[in-house]
Amino acid sequence: MISHGKEIKVFTGNSNPELAKAICSELYMSLGNASVTQFADGECSISVYEPVRGKDVFIVQSTCKPVNDSLMELLIMCDAMRRASAGRITAVIPYFGYARQDRKAKSRDPISAKLVANLITKAGADRVLTMDLHAAQIQGFFDIPVDNLMGSHLFVKHFVSMFGKGNEDVMVVSPDVGSTARARNFSMKLGVNMAIVDKRRERANQSEVMNIIGNVEGKTCILLDDIVDTAGSLCGAAKAIKEIGGAKEVYACATHGVLSDAAIDLLERSNIEELALIDTIPAHPEAERARLKYLTAAPLFGEAIERSFQEIDRKLKTKDPIKFPDYAQKIDKAEKSSGLNEAVITGTAKIEGHPCALFIMDSAFMMGSMGTVVGERVTRLFEYATKEKLPVVG
């Protein structure tokens, strides 16, 4: 039984509105009506223009640049929803800032990641949904449930389409010893071997590459990291792989593209053929110059939100394209959920180039355990179609 309300509401701050809109598109709903502005002195001002009482509220807000402003927007929006009697509040934080300060590296250091976790909890969040935390133990800093999505699924799909699976000429390379576990899991999914770049960090945001552990000679190498900040570490690793290891070519991927300071210039001059990033942080305006390719996390977050709301663990499978007996035209996009007869389809589609809302259901399916889930999904689709003025086909 769903105890936190019968309706999803998704809101966003100013940090990554495009991703929030894409997530809403995956959920067949419109973004919540709210504004995030500033007073003349720079204070954050939040206004919510629709009721959220008893609703399951999801606030999409990455804590990226300007980091402190983005964090305050998230905290104040959580507080606003709590005071408006939201049934449950989930902080959807695609990029969790301050995650690199997760321990005392030296005397008198703060543990900022724990402080931020406390702030989010005290502000009123009941759950956190994020992606690729810098350190997995940060989940333990929260006293509320945390779902940490893995961005590697998107990279696996991307690189399999480029090089295939189990290609002996491809290797995954960890840019440092600390990322070895992440790189090992990634290499297993690609079915290839891995190597490690051994480096010594002299000071913050600077590193010196020392050695390559593994034979990368003549290989196409894929560097995997979770964050690209100044890009010095990544570019240094790519240089070592080619000059010391003798690799044929170097690709790279990272979940969060912070891209501070002169990162774009460094990447432009580097020997990295392509750097794949996920849109947890908005795309850099000079992405093309630095050979950046952005993959969207919207489908992953959309599915996670759907499962969290419905309190189910069954995946709503996507099958594209789908052809129907009554329509010879290709359906550009449709959602198909697997069930008793695999006969329920709800989603947005295009028929003869015209967008529409589509539903096909079998009464036998509605008797199954997924009947309530699909019924709510169809209701939401109808509401979305009405608001967006889409014709309904069924």
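Our subject is the structure listed above.
Keep in mind the model is a prediction, meaning the values are calculated, not measured. (Residues numbered from 1 in each chain as written. Predicted model: local features only at pLDDT ≥ 70, side-chain atom pairs only at ≥ 80, totals over all residues. Heavy atoms only, no water.)

Engineer: Looking at this model, I keep getting lost on the pattern of salt bridges. Mind explaining?
Structural biologist: Between side chains of opposite charge, a pair can form when the charged atoms approach closely. Under the counting rule described, the total for this entry stands at 16 salt bridges. Of the charged contacts, one joins Asp79 and Arg83 as a salt bridge, the two residues approaching to 2.8 Å between their closest N and O atoms. Placement of the pair is Asp79 and Arg83 together in helix H2 (residues 67-83), with a separation of four residues, close to one helical turn. Here Arg83 falls in the exposed class, since its relative accessible area comes to 62%. For Arg289, the salt bridge is made with Glu268, and the minimal N-O distance between the two is 2.5 Å. In this pair, Arg289 is assigned in the loop between strand S13 (272-278) and strand S14 (292-295) and Glu268 in helix H7 (residues 263-269), connecting sequence segments 21 residues apart. (Salt bridge = Lys/Arg side-chain N within 4 Å of Asp/Glu carboxyl O. Helix = DSSP H or I, 4+ residues; strand = E, 2+ residues; numbered from the N terminus. Buried < 20%, exposed > 50% of the residue type's maximum accessible area, 1.4 Å probe, protein only.)

Engineer: Would you explain the environment of Val57 in this entry?
Structural biologist: Considering the arrangement of structural elements, one finds Val57 in strand S4 (residues 56-60). With 33 residues separating them in the primary sequence, Val57 and Thr90 have C-alpha atoms 6.2 Å apart. Among residues more than four places away in sequence, those in contact with Val57 are Lys9, Phe11, Val52, Met81, Ala86, Arg88, Ile89 and Thr90. (Contact = heavy atoms within 4.5 Å.)

Engineer: Could you clarify how one ought to interpret the nonpolar core in this entry?
Structural biologist: The nonpolar side chains of soluble globular proteins are, as a tendency, buried together. Core analysis: the largest hydrophobic core is formed by 38 residues, its most contacted members being Phe155, Phe159 and Phe186. When residues no more than four places from it in sequence are discounted, the contact partners of Phe155 are Phe186, Leu224, Cys253, Ala254, Thr255, Ala276, Leu277, Ile278 and Leu295. Counting 33 residues, the second-largest nonpolar core is a separate cluster that includes Val36, Ile59, Met81 and Ala99. (Core = buried A, V, L, I, M, F, W, Y, C linked by side-chain atoms within 4.5 Å.)

Engineer: It is not clear to me how H2 should be interpreted in this structure. Could you clarify?
Structural biologist: One full turn of an α-helix is made of 3.6 residues, so residues set three or four places apart face in the same direction. Between its first and last C-alpha, H2 extends 25 Å over 17 residues, near the 24 Å set by a 1.5 Å rise per residue. Those residues of H2 that are buried lie in contact with strand S1 (8-12), strand S2 (34-38), strand S3 (44-48), S4, strand S5 (88-93) and helix H3 (112-123). Remark: Ser85 follows H2 within two positions and exhibits a positive phi of approximately 65 degrees. (Expected span 1.5 Å × (residues − 1).)

Engineer: Please clarify how the pairing of S5 should be interpreted in this entry.
Structural biologist: For a regular strand, side chains alternate in direction, first toward one face of the sheet and then toward the other. Most of S5 is tucked away, with six of its six residues classed as buried. Strand direction decides the pairing type here: S4 and S5, joined by five bridges, are parallel. Residue pairing for S5: Val57 is matched across the bridge by Ile89. Here S5 runs beside strand S6 (residues 127-131); their pairing, made up of four bridges, is parallel. Across the sheet, residue Val92 finds its bridge partner in S6, namely Leu129. (Pairing = 2+ DSSP bridges.)

Engineer: I keep staring at the environment of Val156 and nothing clicks. Help me out?
Structural biologist: Looking at where Val156 falls in the secondary structure, it is placed in helix H4 (residues 152-163). The spatial distance from the C-alpha of Val156 to the C-alpha of Lys189 is 6.8 Å, given a sequence separation of 33 residues.

Engineer: Honestly, the packing of aromatic side chains in this entry has me stumped. Any pointers?
Structural biologist: Given two aromatic rings, one states the distance between the centres and the angle between the planes to describe the pair. Tallying each qualifying case throughout the model produces four aromatic pairs. Judged by centre distance (5.9 Å) and plane angle (65 degrees), the ring pair of Phe96 and Phe142 falls under edge-to-face. Pair noted here: Phe96 is in the loop between S5 and H3 and Phe142 is in the loop between S6 and strand S7 (146-149), with a separation of 46 residues, a long-range link. Phe142 shares its class with Phe96; the two are buried. Geometrically, the ring pair formed by Phe159 and Phe186 is edge-to-face, given 6.4 Å between the ring centres and 75 degrees between the ring planes. Separated by 27 residues along the polypeptide, Phe159 in helix H4 and Phe186 in helix H5 (residues 180-190) bring together distant segments of the chain. Using a relative accessible area of 1% as the deciding quantity, one classes Phe159 as buried. The class of Phe186 is buried, set by a relative accessible area of 1%. (Phe/Tyr/Trp six-rings, centres within 6.5 Å; stacked < 30°, edge-to-face > 60°.)

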